[in-house]
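Geometric and topological summary
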Amino acid sequence: MGRYNYSRRPTRAVPVGSIAIGGSNPIRLQSMTNTSTNDIEASASQAIRIYKEGGELVRLTTQGVREAEALAPIRETIKREGFDIPLSADVHFNPKAAYAAARTADKVRINPGNFVDPARTFVKLEFTDEEYTDELHRIEKALIPFLDLCRTNGTSIRLGVNHGSLSDRIMSRYGDTPEGMVESVMEYLRICRANDFHDIVISIKSSNTVVMTSTIRLLARAMEQEGMDYPLHLGVTEAGDAEDGRIKSALGIGALLAEGLGDTIRVSLAEDPEREIPVARAIRDYIVSREGHKEIREPEGEIPESTRHITRNIKGFEDTIVAMHADKPNDIFFLADASMPVKNPEFSGPLRVRSRHQNAPGEIMSYIDRFVMAGYRNPVVISLRYDEKDLDTLRIKAAADFGVFLLNGYGNGIEIDDPNFSDEVLAELELAILQAARLRMTKTEYIACPSCGRTLFDLQKTLAEVKQATSHLKGLKIGVMGCIVNGPGEMADADYGYVGAGPGRVSLYRGKELIVKNIPTEDALPRLLALIEADRQA
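Structural notes, computed from the coordinates. Predicted, not measured: the structure shown is a model, and the values here were computed from it.

Scanning the chain from N- to C-terminus turns up 16 helices and 20 strands. A compact globule built from 538 residues should have a C-alpha radius of gyration of about 24 Å, and the chain, at 23 Å, falls within 12% of that. C-alpha atoms of the chain, sized along the principal axes, occupy 70 × 55 × 55 Å. Burial statistics for the chain: of 538 residues in total, 60% are counted as buried. Residue pairs in contact within the chain that sit at least 24 positions apart in sequence constitute 71% of those at least 6 positions apart. Total accessible area on the chain stands at roughly 21000 Å², and carbon and sulfur atoms take up 48% of it. Charged side chains in the chain number 66 positive and 78 negative. The centres of these two groups are separated by 1 Å.

Strand order in the open sheet formed by five strands is S11-S15-S14-S13-S12, with parallel pairing between adjacent strands. Two strands in the sheet have a free side with no partner beyond their single neighbour: strand S11 (322-323) and strand S12 (334-337). Pairing analysis gives four bridges linking S12 to strand S13 (residues 351-354), with the strands arranged parallel. Among the inter-strand pairings, Asp337 is bridged to a residue of S13, identified as Arg354. The sheet contacts of helix H14 (residues 423-436) involve S11 and strand S15 (413-417), and relative to S15 the element is tilted by about 140 degrees.

Most of strand S3 (residues 28-32) is tucked away, with five of its five residues classed as buried. Where burial is concerned, the two faces of S3 agree: the one with Arg28, Gln30 and Met32 and the one with Leu29 and Ser31 are both buried. Here S3 runs beside strand S10 (residues 264-265); their pairing, made up of two bridges, is parallel. By the bridge assignment for S10, Leu29 is matched with Ile265. Across three bridges, the pairing between S3 and strand S4 (residues 57-61) is parallel.

Reading guide: rules and limits
- Residues numbered from 1 in each chain as written.
- Predicted model: local features only at pLDDT ≥ 70, side-chain atom pairs only at ≥ 80, totals over all residues.
- Heavy atoms only, no water.
- Helix = DSSP H or I, 4+ residues; strand = E, 2+ residues; numbered from the N terminus.
- Rg over C-alpha atoms; globule rule 2.2 N^0.38 Å.
- Buried < 20%, exposed > 50% of the residue type's maximum accessible area, 1.4 Å probe, protein only.
- Contact = heavy atoms within 4.5 Å.
- Areas by Shrake-Rupley, 256 points an atom, 1.4 Å probe, with all protein chains shown as cover.
- Lys, Arg positive; Asp, Glu negative; His and termini not counted.
- Charge placed at Lys NZ, Arg CZ, Asp CG, Glu CD.
- Pairing = 2+ DSSP bridges.
- Axes fitted to C-alpha atoms, helices over the stretch in contact; angles between N-to-C directions.

Given below as structure tokens:
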């Protein structure tokens, strides 16, 4: 792996039914059904639709033993239709369901935050060293029989941590931080390795692309330091729908794939699950197309951690990252081709840098680092050219490219150049990319789960209604979550939350604080709007 030249991180291959994840295998695409697992025909039918779109692995909600045992007839139904689809079980808070799933699924997802520890109870927030060690022994005692069962049945495990779903014990030492999420995984990995169980895939997800990417990088370093090479599952959880969901997913997933991290991906959209696969394929194929590119020059010397914060203040660039089509700065730019050596001109304005390289982000980052290492402190505008006829394709490619820069601290401005779209369309896209990178908030942001068998209302319809009522609230982050599992934890940094509490019931949150509990669905949106308005007036 390198910052400039594309190559995948070497990992072990983990078998999952008829496929394997990691090693020399292609980056696998997957999705998750939103049916009740107890509805055998509906679950099998949706799994087949996902597979026909190109999904190579399908995950299903198994919140209880009954749902886990339903995977067997679902698999048989799929096979009768002539398909062999690897199935993964998704388990939270219920070790008994995980044990049942290990007998029927090809892979079982457990969350280290709630497999043994009760997550988010906030009952005990201080642990002595002895108490902390005792808790680790308790986890080991509970986990080893599960590993033995998975070994016997040839079942792989996904250790899946989500931002906001850490146990009280981890929170007591690390808080709700990337370090805490990584340690939550590493504790389990050390137990697995000590017991010679290695059929493991790891995910760490967040709806915040900055948290998601920084945590995955930290995890990759932690595993490398301890000699581990387990494959990674990538995803921006609760990405939402439509163009914003696609931009946020491409930005976070694309940035990590470009660094060689990631062996399977899931795009989480609040849409029908089969619609996730074309987006995931577009992100993967675009990044993988860089394989075998002409080598990019590596700068010599100590590379700055971030170039964005060491630039000189110039009018128009003082306090914001410029979106060229939206802000239309009038400064005179020095135009640079990233394939050329850094020159020594005397100029006081911003630098605009472009590249025609197969791996344009890598070449531009190399140029910017050499530019800064040569002593320049001019603001840098990164300009990328495209020629796409389809707007969704442009969104995915531009978000994946600029994610590499923005989530690594490069650039004081961005410019998307495509002759097929108006300045207004390009301006909107530039601002959406900056918002997805949490660098400029210019509209309401929605954190919405993709729905699953746990969802307690029509999520797509509800999200559309919430959007219609709140889209004027610039800069506000609103979570729309189908159930308590994906509720207050996974919408970790939302300002307000609308969370399914039961059939026909909803709870409302301000941040992580429960404000209104278990009210009728028809009252939920008016109460949410009243809560937001009261806070704005306060």
